[in-house]
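Examining the three-dimensional arrangement
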Amino acid sequence: MHEIHGLEDGRRRSSKDFEELIQRHLREGRRQLKIVADGQHGIGGRIWPAPEKARLEVHGPVGQRLAGMGMPGTEIIVHGSCSDDVGWLNCGAKITVLGDVANGAHNAGAQGMLYVQGGGGARCDTMTKFNPRFDPLQSWYFRDVGDSFAEFKAGGIAVVCGVEPRHPDSVLGYRPCVGMVGGTIYFRGQATGISTKDVKVAALDDADWQWLTGGLKPYLAAIDRTAYYDELTADRGQWHKIIALTPAERDDIHVHRQPMGRFRRETWEAEVGQGGIVGDLLTEDRSLIPYIATGDLRRRVPSWDNGRATAPCAFNCPTAIPTQERTHLLREGRYDEALELVLRYSPLPATVCGRVCPNPCMDACSRGVLLKEPVDIALLGSLSLKTPAPAKAPDRPEKVAVIGGGPAGIAAAWHLALAGVQVTLYEREPELGGKIYQCIPEDRLERDILAAELDRFRGLGITVRTGEGIGRAAFARLRDEFDAVVLATGAHAPRTIPFPGYADVIPGIVFLKGVNARQPMDLTGKQVVIIGAGNVGMDIAVEAWNHGAASVTAVDIQEPASFGKEQEMARARGTRILFPKFTERYDRGAGKLFFKDGTDLDADAVFVSIGESPELDYLPEECELFRGYIKAGTRCHTSLPNVYGTGDACKPGLVTDALGTGRRAALTILADLDGRTAVPPAEEMVDYNRIRCEYYERDRMGQPKDGDTEALKCMSCGLCRDCGVCEQSCYHGAITRVQHEEGGYAYVVDDDRCIGCGFCAAVCPCGIWRMNSVDETNY
């Protein structure tokens, strides 16, 4: 153990120099130090955490604020007593004092541990805090403590053992616990003058006793007092617990709110003297200004914007599924409504949300962003597998044709049918599902899940005509016979790369379609190379392994676009991914794929997976295209009247993108048929900074500690949870909950009482309340 002295050549080092010397030794890797102090302040504070803990043994006279702002990973043992403010603003250090501590020990501490072999001075454990993300602060005193103990305490645990106390009539000193609003105090013996306006004394329950007796053992061992364990645990009745009053209990005591002037005269100045603690030094007029702006004189006014902004999950979901509304219904026990809700946005929730979607909703989930624990929206999607279709609206006379039975076409047909429109869907393949059915491996999507959801789709009364392709003449006929036509033919033509030997390369989509059609290619013992390492390339890799490949390598000209489950499954089977690799030629006879960097790979079979293009030869020449895709606006209108474009035929994307555009096309068609403007997509997302994640931890707001219940985990961004925190926190009583006769509720502001302080917006767990400048309101 390296030794550092507070004296240098007979002269005392300054506190600043001494701290810098200690920090230098720690940076140089000396993590165990013997400190011989000479009254220096701040010893052991602000030692930044490192992989190896720092341990300081302190001897000699110690100055103030030992371990001030102590950090996790710091342990300090003081061989003797300490001056004021030991552990001031402690952030996680463990401090053992083999003696007494003076005034202010653990003042404003938040985390960490203080073991005291003796007693404490005045105002110990004042203004301590609690952060629900960390273990609470702990302070242990062997004898007793001085006056004003735990004043304004807001968190942490203090234990006063009361062994040979200096003041047997009150081991907590004079006037303890004034203004205490949180935390717990365990004490043994007598205590007088406890502030009953702020706290209550209770007996220890079994959980308290188990925690206390368990904590006494390491504490007594640390201060060399293990012989006292039997004495301290012999009689549970000698111990007492102090906890803060709840807001409801405080209301019972403080029945009437006082005007500020009266509170100042009769309560504040009665306690601290006229003018406060420095009142005798002041000569200015100390009268209160009897004016606080309300009504139209406020500079900011609050608004209860329930549902105005969209939750991040729904905002980032291409299908706009409002998970916050779904979890709201689940919390209310309205399970059938919750499971049906998603079907009003997607006909394939178990297939897409539950299996094949990369779930951008979960990536954006506030709980995931703020607490690294997103709501499992994929699980919620799977729960709707057996839920019947929602009730259809009354039949309408209009007829719509949908060309293409993939996800975009299925979505468009589904939403139109739910609205009562007569829908006929045309699909050239023998089965519905498009690439979901034809290309996605059963490792990722069990066939019975898709089959169940397609059965639900067919049960909606949609006329499905499979095995029927549409040419130009048929397309012209559909435009004449139907009120609207939806183009959802996807993208199935493999893209090509012109290099020598390309004729021997197999399109990946053809391979996948063969697998799902139960006509797979035999790859037993073959070296397989895939050009293109996107998600489809990963699906090809998985199926190559499933059908006997000896090795699989995917190459790409850039960092692979694949991610999530697709890449994980491919890598787990042994797939190598190499990039950047530019293909030069393929020699099938030699079994070699050559690259422009001079390298090559053994390749008995080469697949290409660099995307697909739409097959649009059925469209008339006047249909406007853009780079080979149908040109469609944000509401899916094409250049042809009453013809709407969706899915990969307009723009390549995820399966959920196709579902989203299919739904959007259906909503646009309904609006056009009714002669109104379609509702635009959400434009505002709830700001993460407006979510108060503290309410959703440590069993607050009913949140389970294990997080198993997804509905309770949801932070309900932008959608009121009716917790009443805003109403309770409004000092002027300006917020009232109003129950509507037709059901529902609202929180309403009384402008004549509201002072525009912003407390409602600051405490709202869900980001509902916002403060608006006067220019943004009607004032």
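Placed above this text is the structure.
Residues numbered from 1 in each chain as written. Predicted model: local features only at pLDDT ≥ 70, side-chain atom pairs only at ≥ 80, totals over all residues. Heavy atoms only, no water.

Okay, the side chain of T128 next. One can find T128 in the loop between β8 (111-116) and β9 (138-141). For T128, the side chain forms a polar contact with the main-chain oxygen of G155, separated by 2.6 Å. T128 has contacts with H106, A108, G109, L137, F152, K153, A154 and G155, leaving out every residue within four places of it along the chain. (Helix = DSSP H or I, 4+ residues; strand = E, 2+ residues; numbered from the N terminus. Polar contact = N/O pair within 3.5 Å; in protein donor to acceptor, adjacent residues only side chain to side chain. Contact = heavy atoms within 4.5 Å.)

Along the chain, A102 turns up in the loop between β7 (91-97) and β8. A relative accessible area of 21% places A102 in the partly exposed class. A C-alpha to C-alpha distance of 8.1 Å links A102 and S81, two positions 21 residues apart in sequence. Residues in contact with A102, not counting those within four places in the same chain, are C82, S83, D84, G121 and C124. (Buried < 20%, exposed > 50% of the residue type's maximum accessible area, 1.4 Å probe, protein only.)

Mapping S303 onto the fold places it in strand β14 (residues 300-304). Engagement of the side chain of S303 in a polar contact is seen with the side chain of D305, the distance being 3.1 Å. Setting aside chain neighbours within four positions, we find S303 in contact with I768, W769, R770 and N772.

The next point concerns the sheet that holds β9. Spatially, β1-β4-β5-β6-β7-β8-β9-β10-β11-β13-β12 is the arrangement adopted by the 11 strands of the open sheet, whose pairing is mixed. Single-partner strands in this sheet number two, and they are β1 (2-5) and β12 (199-202). In this sheet, neighbouring strand axes are inclined to one another by 15° on average, regardless of whether the strands run parallel or antiparallel. Note: strand β4 (residues 32-36) against strand β5 (residues 54-59), five bridges, orientation parallel. Note on β5: the bridge partner recorded for Q32 is R55. On the sheet, helix α2 (residues 206-222) packs against β7, β8, β9, β10 (154-160), β11 (182-188) and β13 (239-244) and is oriented at approximately 65° with respect to β9. (Pairing = 2+ DSSP bridges. Axes fitted to C-alpha atoms, helices over the stretch in contact; angles between N-to-C directions.)

This brings us to the pattern of salt bridges. In the structure shown here, the tally under the stated rule is 50 salt bridges. Between R367 and E373 there is a salt bridge, with its nearest N and O atoms 3.1 Å apart. Overall, the relative accessible area of 28% leaves E373 in the partly exposed class. A salt bridge links D602 to K592, with the nearest nitrogen and oxygen atoms 2.7 Å apart. In this pair, D602 sits in strand β26 (residues 600-602) while K592 sits in strand β25 (residues 592-595), placing the two residues 10 residues apart along the sequence. Judged by its relative accessible area of 43%, D602 falls in the partly exposed class. The structure contains a network of salt bridges with shared partners spanning D305, R308, E684 and R770. (Salt bridge = Lys/Arg side-chain N within 4 Å of Asp/Glu carboxyl O.)

The next subject is the packing of helix α13 (residues 407-418) against helix α15 (residues 447-458). Two numbers describe how α13 lies on α15: the axes approach to 10 Å, and their chain directions differ by 40°. Relative to α15, the element α13 is oriented oblique. For the pair α13 and α15, the sense of crossing is left-handed. Contact residues: α13 offers I410, A413 and W414, while α15 offers L454, R456 and F457. (Parallel < 35°, antiparallel > 145°, perpendicular 65-115°, else oblique. Left-handed = near helix turned anticlockwise from the far one by under 90°.)

This next bit is on the packing of helix α18 (residues 535-546) against helix α19 (residues 564-572). Think of two packed helices as two axes; the pair is described by the angle between the axes and how far apart they sit. The interhelical angle for the contact between α18 and α19, taken along N-to-C directions, is 35°, at an axis separation of 8 Å. Between α18 and α19 lies a crossing whose hand is left-handed. Contact with α18, carried on its side by N535, M538, D539, A541, V542 and W545, involves E566, Q567, M569 and A570 of α19 and no other residues of that element.

Summary: where empty space remains is shown by rolling a probe the size of a single water molecule over the atoms. For the coordinates displayed, the defined rule picks out five cavities of 30 Å³ or more. In this structure, the largest cavity encloses a volume near 90 Å³. Lining the largest cavity we find 16 residues, and of these C317, I321, C353, C361 and T656 sit closest to its centre. Of all the secondary-structure elements, those providing two or more residues to the lining of the largest cavity are α7 (323-331), α10 (360-364) and α20 (655-674). In terms of residue class, the lining of the largest cavity is built from 10 nonpolar, five polar and one charged. (1 Å grid on protein atoms, 1.4 Å probe; cavity = no way out; pocket = protein on both sides within 12 Å on 5 of 7 lines; lining within 4 Å. Points joined across faces, edges and corners; volume = space filled by probe spheres on them. Nonpolar A, V, L, I, M, F, W, Y, C, P; charged D, E, K, R; others polar.)

For the rest of this paragraph, the subject is unusual backbone geometry. Only a minority of non-glycine residues have a phi that is not negative, and only a minority of peptide bonds are not trans. Following F579, the chain continues to P580 via a peptide bond in cis, the omega torsion being -5°. Tracing the sequence through the fold places P580 in the loop between β23 (576-578) and β24 (583-587). You will see that D9, though not glycine, has its phi angle at about 55°, which is positive. Mapping D9 onto the fold places it in the loop between β2 (7-8) and β3 (11-12). The exposure class assigned to D9 is exposed, which follows from its relative accessible area of 76%. In this structure, M127 is a non-glycine residue whose phi angle is positive, near 55°. Secondary-structure assignment places M127 in the loop between β8 and β9. Taking relative accessible area as the criterion, M127 reaches 44% and is therefore assigned partly exposed.

On to the environment of W209, then. Mapped onto the secondary structure, W209 falls in helix α2. Owing to a relative accessible area of 16%, W209 belongs among the buried residues under this scheme. It is 20 Å that separates the C-alpha atoms of W209 and V199, two residues lying 10 residues apart in sequence. Setting aside its immediate chain neighbours within four residues, W209 contacts L204, L232, T233, R236 and W239.

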